[in-house]
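Summary of structural features
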Amino acid sequence: MRKIKVPTLETDRLLLRMWRKKDAPQLYEYAKNPNVGPQAGWKPHESIAESKMIISSIFLANMCWAIVEKETGHVIGSIGLEEDKFRPNVKSKELGYSLSEDYWGRGIMTEAAKCIITHSFESLKLDVLMIRTGNENLRSQRVIEKCGFMYEGTLRRTYRIYDGSIREVRCYSMLREEYASRKESWAL
């Protein structure tokens with residue numbers, strides 16, 4: 001399996017860097033929490049070995065960053081870009097993320113997302129960045145709104161999650177010109 005190298009990015013409080021297999025215990029620490037994964041449609045991790053497999057097979061094989069708190073050096077979340085399945089012939093990616101419940105409500109994910117949004121438009125030269133979330137994931141919707149994404153609509157019965165149930169997803173996007181008009185107001 002080929003590894004996708006991601007550049008190390010930095011904000012005031014965070015270091016966004018490539019995942020390492022030795023991060024598995026810290027990933028497991030937050031990914032085992034039943035309040036984290038199911039919000040995004042994935043099952044809580046059952047072991048450090050499972051977290052290590054996720055790092056190897058998903059995070060390192062895709063454009064995914066470990067979110068590291070600078071103050072402690074601890075991995076507290078993940079953020080990544082993947083192909084936008086809805087815009088196959090457009091220079092577009094889909095943003096996704098997860099964060100340890102211990103860090104919710106501190107603006108951490110908004111800070112990380114704005115950093116990746118900036119990287120997406122300025123370094124990757126994307127034309128569109130999109131993000132999807134479930135109707136029930138109000139915290140994610142708040143991050144999306146604070147970043148300035150525009151609501152496009154809800155796709156009904158479109159996303160089968162780990163337990164077999166099918167969810168609706170709220171779709172949002174940001175165009176290059178919308179990013180350009182918002183970035184000046186962002187303090188990173």
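What comes next is a walk through the structure. Counting restarts for each chain, with residues numbered from 1 along the sequence as it is written. For a predicted model such as this one, the threshold for reporting local features is a pLDDT of at least 70, and the threshold for listing and counting side-chain atom pairs is 80 or more; totals across whole chains, interfaces and linings nevertheless cover every residue. As a convention, hydrogens and water are excluded, and side-chain values are obtained from all of the structure's heavy atoms.

So, the overall build of the protein
The following threshold applies: Helix and strand assignments come from DSSP, with helices taken as H or I runs of at least 4 residues and strands as E runs of at least 2, each series counted from the N terminus. Just to be clear, the radius of gyration here is over C-alpha atoms, and the globule rule we use is 2.2 Å times residues to the power 0.38. Note on exposure labels: buried denotes an accessible area under 20% of the residue type's maximum, exposed denotes more than 50%, and partly exposed covers the range between, all computed with a 1.4 Å probe on protein chains only. Residue contacts are defined here by distance: any two heavy atoms, one from each residue, within 4.5 Å place the two residues in contact. All accessibility values rest on the Shrake-Rupley procedure with a 1.4 Å probe; residue burial counts only the protein chains present in the view. Under the counting rule used here, the positive set is Lys and Arg, the negative set is Asp and Glu, and His together with the chain ends is not counted. For the purpose of locating charges, the reference atoms are NZ of Lys, CZ of Arg, CG of Asp and CD of Glu.
The helix and strand inventory of the protein stands at six helices and eight strands. Moving toward the C terminus, one meets the helices and strands of the protein in the order β-β-α-α-α-β-β-β-α-β-α-β-β-α. What you see for the protein is a C-alpha radius of gyration of 16 Å, in line with the 16 Å of a compact globule of 188 residues. Along the first, second and third principal axes, the C-alpha set of the protein runs to 40 × 40 × 35 Å. Within the protein, buried positions represent 51% of all 188 residues. Sequence separation of 24 or more characterises 63% of the internal contacts of the protein that already satisfy a separation of 6 or more. Of the accessible surface of the protein, which amounts to about 9,900 Å², a share of 49% is contributed by carbon and sulfur atoms. Averaging the locations of the 31 positively and 25 negatively charged side chains of the protein gives two centres separated by 4 Å.

Brief notes about a positive patch on the surface
Rule in force here: Patches here are clusters of residues that have more than 30% relative accessible area and form no salt bridge, with a 9 Å joining cutoff for like charges and a 5 Å cutoff for nonpolar side chains (Val, Leu, Ile, Met, Phe, Trp, Tyr). When a carboxyl oxygen of Asp or Glu is within 4 Å of a side-chain nitrogen of Lys or Arg, the pair counts as a salt bridge.
A cluster of like positive charges, contributed by Lys3, Lys5, Lys21 and Lys52, occupies part of the molecular surface. Structurally, lysine 52 is set in helix α3 (residues 48-59).

A few points about the packing of aromatic side chains
What counts is decided by this rule: Only centres within 6.5 Å qualify two rings of Phe, Tyr or Trp (six-membered ring in Trp) as a pair; their planes then separate them into stacked at under 30 degrees, edge-to-face at over 60, and tilted for everything else.
Across all of its chains, the model carries three aromatic pairs by this definition. Between phenylalanine 121 and tyrosine 179, the aromatic rings sit 5.0 Å apart at their centres with planes inclined by 15°, giving stacked as the arrangement. Here phenylalanine 121, found in helix α4 (residues 108-122), pairs with tyrosine 179, found in helix α6 (residues 176-182); they are 58 residues apart in sequence, far enough to count as distant. By relative accessible area, which is 1% here, phenylalanine 121 ends up buried.

Looking at the nonpolar core
The nonpolar side chains of a soluble globular protein tend to be buried with one another. Using the following cut-off: Only buried Ala, Val, Leu, Ile, Met, Phe, Trp, Tyr and Cys residues count toward a nonpolar core, and they belong to the same one when joined by side-chain atoms within 4.5 Å.
Core analysis: the biggest nonpolar cluster contains 47 residues, and Leu16, Trp19, Trp65, Ile79, Leu95, Ile117 and Phe149 have the highest contact counts within it. In terms of residue count, α4 provides more of this core than any other element does, eight residues in total. Other than its neighbours up to four places away in sequence, tryptophan 19 contacts Leu27, Tyr30, Ile55, Phe59, Leu60, Cys64, Trp65, Ala66, Val75, Gly77 and Ser78.

Focus: the sheet that holds strand β3 (residues 63-69)
As a reminder, the rule being used: Only strands joined by at least two bridges in the DSSP assignment are considered to pair. Angles shown run from 0 to 180 degrees and are taken between the N-to-C directions of axes, each axis being a line fitted to C-alpha atoms and, for helices, limited to the stretch in contact.
Overall, mixed pairing links the eight strands, which are arranged β1-β2-β3-β4-β5-β6-β8-β7 in an open sheet. Among the strands making up the open sheet, the edge pair consists of β1 (9-10) and β7 (150-160). The pairing of strand β5 (residues 92-99) with strand β6 (residues 128-134) spans four bridges and is classified as parallel. Bridged to serine 92 within β6 is valine 128. Each of β1, β2 (14-18), β3, β4 (74-83), β5, β6 and β8 (166-175) is contacted by α4, which is oriented at about 35° to β4, the strand it contacts most.

A few points about the environment of arginine 176
We apply this condition: What qualifies as a polar contact is a pair of N or O atoms within 3.5 Å, subject to a donor-acceptor requirement within protein and to the restriction that residues adjacent in sequence count only when both atoms come from side chains.
Along the chain, arginine 176 falls in helix α6. You can call arginine 176 partly exposed: its relative accessible area is 29%. Sequence separation of arginine 176 and valine 128 is 48 residues, and the distance between their C-alpha atoms is 6.0 Å. With sequence-adjacent residues up to four places away left out, arginine 176 is seen in contact with Phe121, Lys125, Leu126 and Asp127. At 3.0 Å, the side chain of arginine 176 forms a polar contact with the backbone oxygen of leucine 126.

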